[in-house]
Amino acid sequence: MKKIKKILALVCVALLIGMYIVTFIMALVDSSATMAMFKGCITMTIFVPVVIFCYICLHRYAMTRSGRRDYYPENPSGDNRPSEEADGQ
């Protein structure tokens, strides 16, 4: 899941930076579509992260509901072996 989050975060950042660059270039060229691009950038600045967050939440819900407990280990270190205390040692 951490890998998916990193990939989605990078995609989000790339999309937003790309939109900002295109809007900046259009503002320099003085295009008539600059204001529409600016409004689109503001909308996407809110929309893209919210959609990615919803996707992550739905993915987590689907994995836990399907019973794939191994997908989210209880031990955050990634070590799924039982602890020494559980063995009675």
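Conventions we followed
Residues numbered from 1 in each chain as written. Predicted model: local features only at pLDDT ≥ 70, side-chain atom pairs only at ≥ 80, totals over all residues. Heavy atoms only, no water. Helix = DSSP H or I, 4+ residues; strand = E, 2+ residues; numbered from the N terminus. Buried < 20%, exposed > 50% of the residue type's maximum accessible area, 1.4 Å probe, protein only. Contact = heavy atoms within 4.5 Å. Areas by Shrake-Rupley, 256 points an atom, 1.4 Å probe, with all protein chains shown as cover. Expected span 1.5 Å × (residues − 1). Bend = angle between axes of the 7 residues up to and from the residue. Core = buried A, V, L, I, M, F, W, Y, C linked by side-chain atoms within 4.5 Å. Patch = residues over 30% accessible without salt bridge, like charges linked within 9 Å, V, L, I, M, F, W, Y side chains within 5 Å. Salt bridge = Lys/Arg side-chain N within 4 Å of Asp/Glu carboxyl O.

### Section: the overall build of the protein chain
Counting its secondary structure elements, the protein chain contains 2 helices and 0 strands. Buried positions account for 13% of the 89 residues belonging to the protein chain. Residue pairs at least 24 apart in sequence account for 53% of intrachain contacts in the protein chain once pairs closer than 6 positions are excluded. Carbon together with sulfur atoms contributes 67% to the accessible area of the protein chain, which is approximately 7300 Å² in total.

### Points about helix α2 (residues 34–65)
Here α2 spans 46 Å end to end across 32 residues, near enough to the 46 Å set by a 1.5 Å rise per residue. Of all the bends in α2, the greatest measures close to 30 degrees and is centred on M44. Every buried residue of α2 is accounted for by T34, C41, V48, I52, I56, H59 and M63. Looking at the buried residues of α2, the elements they touch are α1 (2–29). One or two steps after α2, the chain reaches G67, where phi turns positive at roughly 90 degrees.

### Quick word on α1
Taking 1.5 Å of rise per residue, 28 residues should cover 40 Å, and α1 covers 41 Å from first to last C-alpha, within 8% of that figure. Of all the residues in α1, the buried ones are L8, C12, L16 and T23. Looking at the packing, one finds that the buried side of α1 touches α2. In the segment just after α1, D30 is the residue with positive phi, at about 65 degrees.

### Here's the deal with the environment of M44
By secondary structure assignment, the location of M44 is in helix α2. Judged by relative accessible area, M44 falls into the partly exposed class, the value being 30%. Note: C-alpha distance between M44 and M19 (25 residues apart in sequence) is 8.7 Å. With residues near it in sequence (within four places) discarded, M44 still touches L16, M19 and P49.

### Quick look at the nonpolar core
In globular proteins that are soluble, nonpolar side chains generally tend to be buried together. Judged by nonpolar contacts, L8, C12, L16, V48, I52 and I56 together constitute the single largest core of 6 residues. When contributions to this core are tallied by element, the ones reaching two or more residues are α1 and α2. When near neighbours in sequence (up to four residues on either side) are disregarded, V48 contacts C12 and L15.

### Quick look at a nonpolar patch on the surface
Taken together, the side chains of V13, I17, I21, F24, I25, L28 and V29 make up a nonpolar region of the molecular surface, amounting to roughly 700 Å² of accessible area. With respect to the helices, strands and loops of the structure, L28 is situated in helix α1.

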